[in-house]
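A structural walkthrough
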Amino acid sequence: MDRSDDVTGSVGALYRHILRSSELSTEVDVGLIADLAMALTAGGALRELADCTDLASTGGPGSISTMLVPLMARASGLRVAKVGVPGRPAGAVDVLANVPGYRWSSTEKEFDDAMRRSGFAHTAANECWAPGDAVLFRRRQAEGTQGVPALVVASLLAKKLAAGVRYPGFEVRAARHGSFGSTPDEVRRNGAILCEVAERLGMRATVFVTNAEYPHQPWIGRGEALVALGIACARSGWPGGADLDLEGVADAWLAEHVDTCAQMAVALVKVSSSVATREGSSVDRADLMRETAGLGGHLTGVLSEHLQAHGSAWETFEARFMSVLAARREPVRAQEGGFVRYRIERIRDHVVNANARGAEPINPGTPFPDRAGVLLHVPTATRVAPGDVVLSLRWPSELAPPDASELFEITDFPSTSRYQDGGQLREVIG
């Protein structure tokens, strides 16, 4: 694909071709998707593919994997180049953008400088990075085609291609409210296509299949995701940690998610190791957990270097962490006894809508307000009694909080086992 082509024209033509093909046949044209991914980078940066990694996802609330896995990979010696988009309600770039001073949108020169300084560069997609992706996404929103898997694949790979990521990872989440398939089988098939297109573009992709019907961890929202990231770092030794009391906060639910993230990081490290990125060394999950989440690990150091390379500082992150952690929260209680099932897509929508209503961002110059968030107090399928606190809301005082029935339901029987379905890694492809 000639990158001098008009962005809108080439992207639009390929978009229509893919839609027509999907209507006429169940066969997937891998070459066509690869052409679209390349077209989405036209007019912007296109870094040479290098021995670096990243983790992106197909979206959905209740995970911090796209922040934590890259930090773990960097702590294990890999370089990370990350071009992303905001999440609903929280993605990696908009969460970190709420740390004052953090440069969340970079030019190519600024990106390269951050890579040199910290080995981990991060930016939002903009006019420099996969500019056609924003053009296409607006059209997909207008025409209701956000859930066409071929278009999702092209969008994901375009950003990794622009950043020059040779060994990308993708967490593909099965959910009724997701964009990549509602069942693990659908997501698995689409994940295999993603790997095939990536190979066509010169990348070696690794796909992780998870279930997003249930929240992966209890902190939902931009500020909450930042707190969850901070807690994960605290497990590896928080600077001044003697003054930080996380009793009852760093619970087993989040710890399970951190362990799942470590499994993903291990897989990415092993893929890169196979081509001598780590000089032939090997790593397993126990090694990585020792390196990044225990026995003098250095996630905090990696995050501190990353923040400094993007114009902020660890102390600023810590102040924002403590501010969200100390915020007033309104408890929401069960009105009857039974088993909890969260309405995760409605929780997402309520948080997104609350943030959109007249909010000023924490970090001036960013479009990512953080007024609302949810802390889930019990995992999915937990039995509760009448009056038990199920979740708590950090909510704007001028807005009425959503009714409990909008956020969760109480059932007579457990809908799932959290150990079986609640965000645990189901399969690795690639």
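Residues numbered from 1 in each chain as written. Predicted model: local features only at pLDDT ≥ 70, side-chain atom pairs only at ≥ 80, totals over all residues. Heavy atoms only, no water.

Next up on the list: the pattern of salt bridges. Taken as a whole, this structure holds 22 salt bridges when the rule is applied. For R47, the salt bridge goes to D112, with nearest N and O atoms at 3.1 Å. Placement of R47 in the loop between α2 (30-40) and β1 (50-57) and of D112 in helix α5 (residues 108-118) is noted, with a sequence separation of 65 residues between them. On the accessibility criterion, D112 (23% relative accessible area) is partly exposed. E224 serves as the salt-bridge partner of R329, at 2.8 Å between the closest nitrogen and oxygen. With R329 in the loop between α13 (314-325) and β7 (330-333) and E224 in helix α9 (residues 222-234), the pair connects residues that are 105 residues apart, well separated along the chain. (Salt bridge = Lys/Arg side-chain N within 4 Å of Asp/Glu carboxyl O. Helix = DSSP H or I, 4+ residues; strand = E, 2+ residues; numbered from the N terminus. Buried < 20%, exposed > 50% of the residue type's maximum accessible area, 1.4 Å probe, protein only.)

For the structure shown, the criterion picks out two cavities of 30 Å³ or more. A volume near 60 Å³ is recorded for the largest cavity. The wall of the largest cavity is formed by G60, P61, G62, S63, P89, A90, Q217, W219, I220, G221 and A225. Its residues assigned to classes, the lining of the largest cavity comprises six nonpolar, five polar and no charged. The calculated volume of the second largest cavity comes to roughly 50 Å³. Taken together, T66, M67, L71, K82, L96, F120, H122, L229, L303 and H306 make up the full set of residues lining the second largest cavity. (1 Å grid on protein atoms, 1.4 Å probe; cavity = no way out; pocket = protein on both sides within 12 Å on 5 of 7 lines; lining within 4 Å. Points joined across faces, edges and corners; volume = space filled by probe spheres on them. Nonpolar A, V, L, I, M, F, W, Y, C, P; charged D, E, K, R; others polar.)

Further remarks concern the confidence of the model for the protein. Per-residue confidence for the protein averages 86 on the pLDDT scale, and 86% of its residues sit at or above 70. Contacts of residues 292-297 to residues separated by more than four positions or lying in other chains number 16 contacts, the stretch itself having pLDDT below 50. Throughout residues 417-423 the model reports pLDDT below 50, and contacts reaching past four residues in sequence, or to other chains, amount to 19 contacts. (pLDDT = per-residue confidence, 0-100. Contact = heavy atoms within 4.5 Å.)

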